[in-house]
Amino acid sequence: MVGEAIVITSGKGGVGKTTTSANIGTALALQGQKVCLIDTDIGLRNLDVVMGLENRIIYDLVDAAEGRCKVQQALIRDKRFDCLHLLPAAQTKDKSAVNPEQMQEIVETLRPEYDFILIDCPAGIEQGFKNAVSGADKAIVVTTPDTAAVRDADRIIGLLENEDIEPPKLVVNRVRSDLSREGNVLDVEDVVATLAVDLLGMIVDEEHVLKAAHKGEPIAMNPNSRASLGYRNIARRLLGESVPLMAVEEKKSFFSKMKSLFGIKS
Amino acid sequence: MTNNNGNYVTIKGTKEGLTIVLNDQCSFHELLEELKKKIEREQRLFENGPQVEVRVDAGNRYLSKSHEEEITEVLNKTGSVRVHEVHSNVMTKGEAQEVIEKATVTSVTQIVRSGQVLRKTGDILIIGDVNPGGVVEATGNIYVIGALKGIARAGTEGESHAVVCASVMIPKQISISDTYFYAPEKHEKQEQKPAIEGPGYAYVTGEEYKAIAFEETKMLGHYLRSVSYT
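Residues numbered from 1 in each chain as written. Chains lettered and ligands numbered in written order. Predicted model: local features only at pLDDT ≥ 70, side-chain atom pairs only at ≥ 80, totals over all residues.

## Some words on the overall build of chain A
Now for step 1: A count of helical and extended segments in chain A gives 12 helices and eight strands.
Now for step 2: Relative to the 2.2 N^0.38 estimate, which gives 18 Å for 266 residues, the radius of gyration of chain A is 19 Å and therefore close to what a compact globule would have.
Now for step 3: Its C-alpha atoms give chain A principal-axis dimensions of about 70 × 35 × 35 Å.
Now for step 4: Within chain A, the proportion of its 266 residues that are buried is 49%. (Helix = DSSP H or I, 4+ residues; strand = E, 2+ residues; numbered from the N terminus. Rg over C-alpha atoms; globule rule 2.2 N^0.38 Å. Buried ≥ 20, exposed ≤ 12 C-beta atoms within 10 Å, placed from the backbone.)

In structure tokens:
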């Protein structure tokens, strides 16, 4: 088994890198894949919180990098899936505690044991970004449909082009069909046109996602959520299936269908 | 013994004014001496008339900057002569290289993304977009086969006849030599409008108050021809 190492990055903070990492990881695990999540946001770790695994951390990424423990010892098994593991970041150090060579070494150690290694990248373009990217073969760029996030995603894609890495894929997070229809935010097509990279998937903006993160349970576990479906579709695309993009439009309620049938404008 | 019979410097009258032809085989020292003598001898001739523009033709002699200055100084001292141009058929390899660079079009197939700076001597042809936050700089013209949404700086070494041409013209900023164009402020939540609908180019217009104007690409040939005469 030779795993793919995929870095999940965005440039701008707060667009949902960690949520995306946790959910793609969970969705892949749901498909029976062996997945390892690596949190590289040293000093501001929160992938463990989103996964609800905070209380189980003993060793972390820096311990593994510096040889205080074996990489395998630092891994935490997920509550829900045996095939999903997390390598948490250190909370007491900063980004310079690890260098790209150490990251590569860790990824290479894990690679034979997993199908997917997802690396959650910190915001910014400094040391933390360089560390996260150094071990990866592929990249997923997460953005939201607003100008600032797209600008930063563009910058990140430019930086990734200089790395020895496959062309990045795009995930557009927090898509709001109601706002983009009125022209208040960019729509997904605008984002893809500007960034000129392949779209891997889009995630609609939903309350469920926030609620799930609050509970420490990834939304991908919830079968009734459209955001969850978005993440599951991304996982299937990563496995090589061709899954059509789902419509952003919400299904009309029975009542509004009746209204339009009778020609009443809703 | 040097042959100093006044063969090294010839003064010719032409349609455009006086041309001083310098021999390109003798030493520079001899040349300068003779030029001084000749100017002294002809002082009377130069003195009374109105100021004349002269062109200096050095033939196949390579003139360094300091040589050129010496010649110019000797001539300008007379007061009634002003050196318009010092011409020589010879240039150094370095200068030739520069001329070639300035005359070449570098074509680049990439998207110039936020934070990236593409800087070239001569013209640039970009096959791709220039995204917001991306910068393209050229000493000559800039052509974008795609959307220009970032910053373009043409004629960065002072060429004010340079143009910025793009298939989709939505620039944040354009500068040509030292004339600037800034995108109009966005109103409310509206998208930035193109500076011109469809493919267009930006150029410098106006005599006293220079400004950047936009025109449809089909007029570009006309513009380039009109500026090549001046």
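More follows now that the structure is in view.
## Observations concerning the pairing of strand E11 (residues 164–169) of chain B
Now for step 1: The pairing of strand E9 (residues 142–148) of chain B with E11 of chain B spans five bridges and is parallel. Its bridge partner lying in E11 of chain B, Ile-142 of chain B is registered against Val-164 of chain B. (Pairing = 2+ DSSP bridges.)

## A closer look at the pairing of strand E10 (residues 151–154) of chain B
Regular strands place side chains that alternate from one sheet face to the opposite one.
All names here are of chain B.
Now for step 1: Here E10 shows two buried faces, one formed by Ile-151 and Arg-153 and the other by Ala-152 and Ala-154.
Now for step 2: Note that strand E8 (residues 135–138) and E10 share three bridges and pair parallel. Note that in E10 the partner of Val-136 across the bridge is Ala-152.
Now for step 3: Relative to strand E12 (residues 173–176), E10 runs parallel, the two being bridged by four bridges. Across the sheet, residue Ile-151 finds its bridge partner in E12, namely Gln-173.

## Notes on helix H9 (residues 188–195) of chain A
Residue and element names in this part refer to chain A.
Now for step 1: For H9, the full list of buried residues reads Val-191, Thr-194 and Leu-195. Considered in projection along H9, the buried side chains sweep an arc of 85 degrees and stay on one side of the axis. Every exposed residue of H9 that faces more than 90 degrees away from the buried side is listed here: Glu-189 and Ala-193.
Now for step 2: Contact partners of the buried residues in H9: strand E6 (138–143), helix H7 (147–161) and strand E7 (169–175).
Now for step 3: Positive backbone phi, approximately 50 degrees, marks Ala-196, located one or two places after H9. (Arc of directions from axis to C-beta. Contact = placed C-beta atoms within 7 Å.)

## Focus: the nonpolar core
Now for step 1: Within the largest apolar cluster, 80 residues are counted, with the highest numbers of intra-cluster contacts made by Ile-6, Leu-61, Ile-117 and Ile-119 of chain A.
Now for step 2: With seven residues, H7 of chain A is the single largest residue contributor to this core.
Now for step 3: Residues Ile-111, Val-130, Leu-148 and Ala-162 of chain B belong to the second largest nonpolar core, which totals 30 residues. (Core = buried A, V, L, I, M, F, W, Y, C linked by C-beta atoms within 7 Å.)

## Side note on the sheet that holds strand E2 (residues 35–39) of chain A
Residues and elements named next belong to chain A.
Now for step 1: The mixed open sheet is built from eight strands, whose spatial order is E3-E4-E2-E5-E1-E6-E7-E8. Each end of this open sheet is capped by a strand with a single partner; those strands are strand E3 (76–77) and strand E8 (198–204).
Now for step 2: Bridge count between strand E1 (residues 4–9) and E6: four bridges; the pairing is parallel. Within E6, the position partnered with Val-7 by the bridge is Ala-139.
Now for step 3: Together, E6, E7 and E8 form the strand contacts of H9, whose direction differs from that of E7 by roughly 150 degrees. (Axes fitted to C-alpha atoms, helices over the stretch in contact; angles between N-to-C directions.)

## Some thoughts on the packing of helix H1 (residues 17–30) of chain A against helix H11 (residues 226–238) of chain A
Residues and elements named next belong to chain A.
Now for step 1: Interaxial distance between H1 and H11 falls to 8 Å at its minimum, and their mutual angle equals 65 degrees. As the angle between them shows, H1 and H11 are arranged roughly perpendicular. H1 and H11 meet at a crossing whose hand is right-handed. Of H11, the residues touching H1 (which contributes Asn-23, Ile-24, Ala-27, Leu-28 and Leu-30) are Tyr-231, Arg-232, Ile-234, Ala-235 and Leu-238.
Now for step 2: Taken together, the residues of the contact of H1 with H11 sort by class into eight nonpolar, one polar and one charged. (Parallel < 35°, antiparallel > 145°, perpendicular 65-115°, else oblique. Left-handed = near helix turned anticlockwise from the far one by under 90°. Nonpolar A, V, L, I, M, F, W, Y, C, P; charged D, E, K, R; others polar.)

## Structural notes on the UniProt feature "binding site: ATP" (unreviewed entry) in chain A
All names here are of chain A.
Now for step 1: Per the UniProt record, the feature "binding site: ATP" (unreviewed entry) sits at Lys-12, Gly-13, Gly-14, Val-15, Gly-16, Lys-17, Thr-18 and Thr-19.
Now for step 2: The residue Lys-12 is located in the loop between E1 and H1 in this model.
Now for step 3: Those residues in contact with Lys-12 that sit more than four places away from it in its chain are Ala-123, Ala-148, Ala-149 and Asp-152.
Now for step 4: As for its position among the elements, Lys-17 is in helix H1.
Now for step 5: By the C-beta count within 10 Å, which is 27 here, Lys-17 ends up buried.
Now for step 6: Excluding residues that lie within four positions of it along the chain, Lys-17 makes contacts with Ile-8, Thr-9, Ser-10, Asp-120, Cys-121 and Val-142. (UniProt positions renumbered as here; feature names shortened; annotations may be inferred.)

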